Structure formats: C-alpha cells, structure tokens
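Coordinate inspection notes
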Amino acid sequence: MTHQVDVIIAVHTPTRPIARAVASVLEGNGRHTRLSVVCHNVAVGDIRAVLPRAHRNKLTWLEHHDGVPSASGPFNAGMRAATGEFVSIVGSDDILQPGVVASWLDLARAVQAECVITRLAIGDRFRPVPTPPVRPRRRPLRLADPVRDRLSYRSAPLGLVSTAARNRLGAELVEGMVVGGDVPYVTRLWCETRVAVDTHGPAYVIGEGAVDRVTYASRPINEELAFVWHMLRQPWFTAYPEQIRTAVATKVLRIHIFGAVLNRPDPQWWTQTQRAALAQVTGAVAAAAPTAADPLSIADHRLFAAIRNTQIPAVTMIQRAKTRRRHGSATTVLPRHLRALANREAPARFMAASWWATLPGGRCSG
C-alpha cells in the first residue's frame with residue numbers, strides 16, 4: 001500500500017464537472033491518496049474522454065451498473081475496492097481545497113480518530129456551511145460527542161472514514177434509495193466510532209452548478225423519506241441510549257420532515273396519500289423518541305401539529321413551514337416548553353452555535 005486514503009468520486013454523466021473534481025484531488029491532495037473514479041451506469045470511455053490527458057492514467061477506473069439513480073451503489077463499490085487506511089468520497093461537481101486531506105490525517109493522528117468530519121463550504125465564494133453546529137469554542141484537538149456536538153446534523157460522510165471501522169460495523173451506504181442512503185450510514189459512524197471535527201483546516205467545497213442532482217428533485221414522501229423508516233427499524237438504532245435516539249430524531253424532524261413540507265410549496269401536490277405518508281413517518285419518529293420535539297420552537301410545534309393532523313388544510317401546513325423559517329420572531333426563538341430553553345437543541349442555543357460556526361474565527365462547523 002502506497003497511499004493512506006482512497007478517494008472515490010462517483011459520476012453518472014460526462015456533463016458534470018468531473019475534470020475539476022479530479023484535478024482537486026490529484027493536484028492539491030495527491031500526496032496521501034489514491035483516486036478512483038466510479039462510472040455509474042455509464043461507460044468509462046465516456047468519462048475518460050472529458051479529462052485532461054495528463055490525468056487519465058493517474059487514477060483507477062471502475063464501472064458500476066445498477067440502474068438506480070442513487071450515488072450509494074457506486075460509492076459503495078469504490079469503498080469496497082479500497083485498500084487504504086481511510087476512505088473519502090467526493091461528489092463529481094464538488095472539489096477538495098488544497099491540503100485538506102493532509103489536514104484530516106493530521107487531526108486523525110492527533111486524537112486517534114476513526115472518522116474526521118470535514119469543514120464544508122459552498123460555491124466559488126466558499127460560503128461556510130454551519131453543520132454540524134458543534135459546541136462554540138470547543139477545543140479542536142479532542143474527540144467529538146455525538147449528542148453534545150450535534151453530529152447528526154452532518155448527513156453526508158464527507159471527510160475521512162476508517163476502513164477498519166467500516167469493516168467492524170459492517171457499515172455501508174444504503175442502496176436502492178434515491179436519496180438519504182447516507183443518513184443511516186453516518187448515524188452509525190458518528191455514534192459508534194471515534195469522531196473528530198476539523199474546524200480550522202481547508203474545506204470540502206460543494207459545487208453549485210449541478211442542475212441534475214437527484215437530491216433536489218421532488219418525489220413521493222414514501223420515497224423521499226424511505227431512509228427514515230429504514231433507520232428506525234434497525235436493531236442498532238433501537239439499541240441506542242435514549243439521549244442518542246432523541247438527538248437523531250430531533251434532527252430528522254427539524255431537517256428532513258419539516259424540510260419535506262417547505263420544499264413542496266404547491267398545496268395541490270399534497271394529496272391525501274402524501275399527507276398520510278408524511279403523518280405516518282412523523283408519528284414513527286415521535287414514537288422512537290417521544291421527547292424529540294420538546295425543545296423545538298413554538299412555530300415548529302405548530303407545523304408538527306399540522307403534519308400529524310391531516311384534516312388541517314395543506315395551505316395552512318405550508319404556511320407554517322414558511323413561518324418557522326422567519327428567524328428572529330418570538331415563535332421561532334422560544335421553545336414551546338420554557339423548561340427546554342437551555343436545551344442544546346432549543347432554538348436559541350442551536351442558532352447561536354450555527355451562527356458561531358460561520359464566523360472566520362469560530363469555524364466550529366464540520
């Protein structure tokens with residue numbers, strides 16, 4: 001083995017900026033890595049042709065054909081073929097800033113971490129992404145706590161993942177799901193391995209130019225949230241202590257359940273079938289962690305009630321989803337239960353941690 005990290009890029013069409021992603025690995029992070037490009041439901045020749053000649057023979061080429069419009073299959077194929085100590089996945093329209101892999105490795109060695117959560121930025125201006133909103137002013141050279149550092153808010157396994165830890169857990173991305181196959185995977189990693197959050201190093205940069213990301217498409221609720229049902233039924237999830245199940249469930253409500261409404265603003269889309277599906281999965285989350293909604297805001301609870309009561313008109317439910325995003329009003333800052341005011345998931349503490357993570361001197365985001 002001549003490399004420490006296997007970097008895997010999955011790509012399904014030559015129209016994606018794959019050449020830029022490849023260059024960011026080979027030119028800015030080549031010292032510690034072996035790069036594999038997995039061509040998903042497309043021939044190697046089609047992707048190879050769009051790379052500069054100088055890069056075509058400096059990486060490993062793989063093909064993965066499963067007919068499923070999900071990146072889980074090709075990423076799993078690439079990670080199964082890995083021989084390095086760590087694996088790292090990269091989207092075909094994303095890039096790694098120079099030196100980011102070295103930063104991850106330095107942190108992993110310093111605290112004996114099995115996983116390193118990378119800093120995230122978006123677009124050419126490198127806007128910081130405040131997830132996970134870890135504790136402000138936490139010491140960077142220490143392992144993270146899955147609950148206290150809100151690790152579940154990072155839904156993608158971006159950064160380093162130990163090959164040995166993956167094998168020990170038997171953990172892989174969930175295949176067959178169009179979206180969300182990474183959520184159960186990272187939940188196990190963040191809760192069952194030694195995790196560090198790189199708060200000051202270079203970033204993994206999410207590209208803004210992709211118009212065909214399957215993540216952005218609107219689809220039936222049972223398809224959109226299939227990963228939630230999957231996770232709730234796993235023996236490893238049901239065996240977690242209550243505080244971990246609650247932390248994960250709070251994030252699922254806040255991000256995935258409420259987000260499903262906000263991203264579907266047409267009342268006509270919300271048929272009784274779709275309303276019932278959303279109410280059922282929301283009820284399942286609440287049953288798995290009965291106190292998960294307690295620290296949420298007054299506005300959140302109004303939306304929560306509208307989701308669970310399908311007799312409330314869809315237009316009202318949608319309006320409540322928009323209202324909860326108007327940060328700064330009393331209903332979005334105050335929890336419904338004042339006893340939860342100091343809870344780490346309560347709006348004030350959560351917003352403060354997220355805000356701190358965007359500051360140049362704070363950078364307490366993954």
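**Examining the pairing of strand 4 (residues 86–91)**
With 6 of 6 residues buried, strand 4 lies mostly within the body of the structure. Neither face of strand 4 is exposed, since Phe86, Ser88 and Val90 on one face and Val87, Ile89 and Gly91 on the opposite face are all buried. When strand 1 (residues 5–11) meets strand 4, the two strands line up parallel, connected through 6 bridges. Its bridge partner being in strand 4, Ala10 is matched across the sheet by Gly91. By the bridge criterion, 2 bridges tie strand 4 to strand 9 (residues 159–162) in an arrangement that is antiparallel. Note that in strand 9 the partner of Val87 across the bridge is Val161.

**Remarks on the sheet that holds strand 9**
Spatially, 3-2-1-4-9-6-10 is the arrangement adopted by the 7 strands of the open sheet, whose pairing is mixed. Strands at the two margins of the open sheet, each flanked by one partner only, are strand 3 (60–64) and strand 10 (195–197). The mean angle between the axes of side-by-side strands here comes to 25°, regardless of whether they run parallel or antiparallel. Strands in contact with helix 4 (residues 72–80) are strand 1, strand 2 (33–40), strand 3 and strand 4; relative to strand 1, the strand with the most contacts, it is inclined by about 155°.

**Some remarks on the environment of Pro130**
Its location among the elements puts Pro130 in the loop between strand 8 (127–128) and strand 9. Taking C-alpha positions, Pro130 is 24 Å from Val25, a pair spaced 105 residues apart along the chain.

**Brief notes about the sheet that holds strand 11 (residues 203–206)**
Across the sheet, which stays open at both edges, the 4 strands sit in the order 5-11-7-8 with mixed pairing between neighbours. The open sheet has two edge strands with one neighbour each: strand 5 (95–96) and strand 8. Here strand 7 (residues 119–122) runs beside strand 8; their pairing, made up of 2 bridges, is antiparallel. The partner of Ala121 across the bridge, within strand 8, is Pro128.

What counts, and at which threshold
Residues numbered from 1 in each chain as written. Predicted model: local features only at pLDDT ≥ 70, side-chain atom pairs only at ≥ 80, totals over all residues. Heavy atoms only, no water. Buried < 20%, exposed > 50% of the residue type's maximum accessible area, 1.4 Å probe, protein only. Helix = DSSP H or I, 4+ residues; strand = E, 2+ residues; numbered from the N terminus. Pairing = 2+ DSSP bridges. Axes fitted to C-alpha atoms, helices over the stretch in contact; angles between N-to-C directions. Contact = heavy atoms within 4.5 Å.

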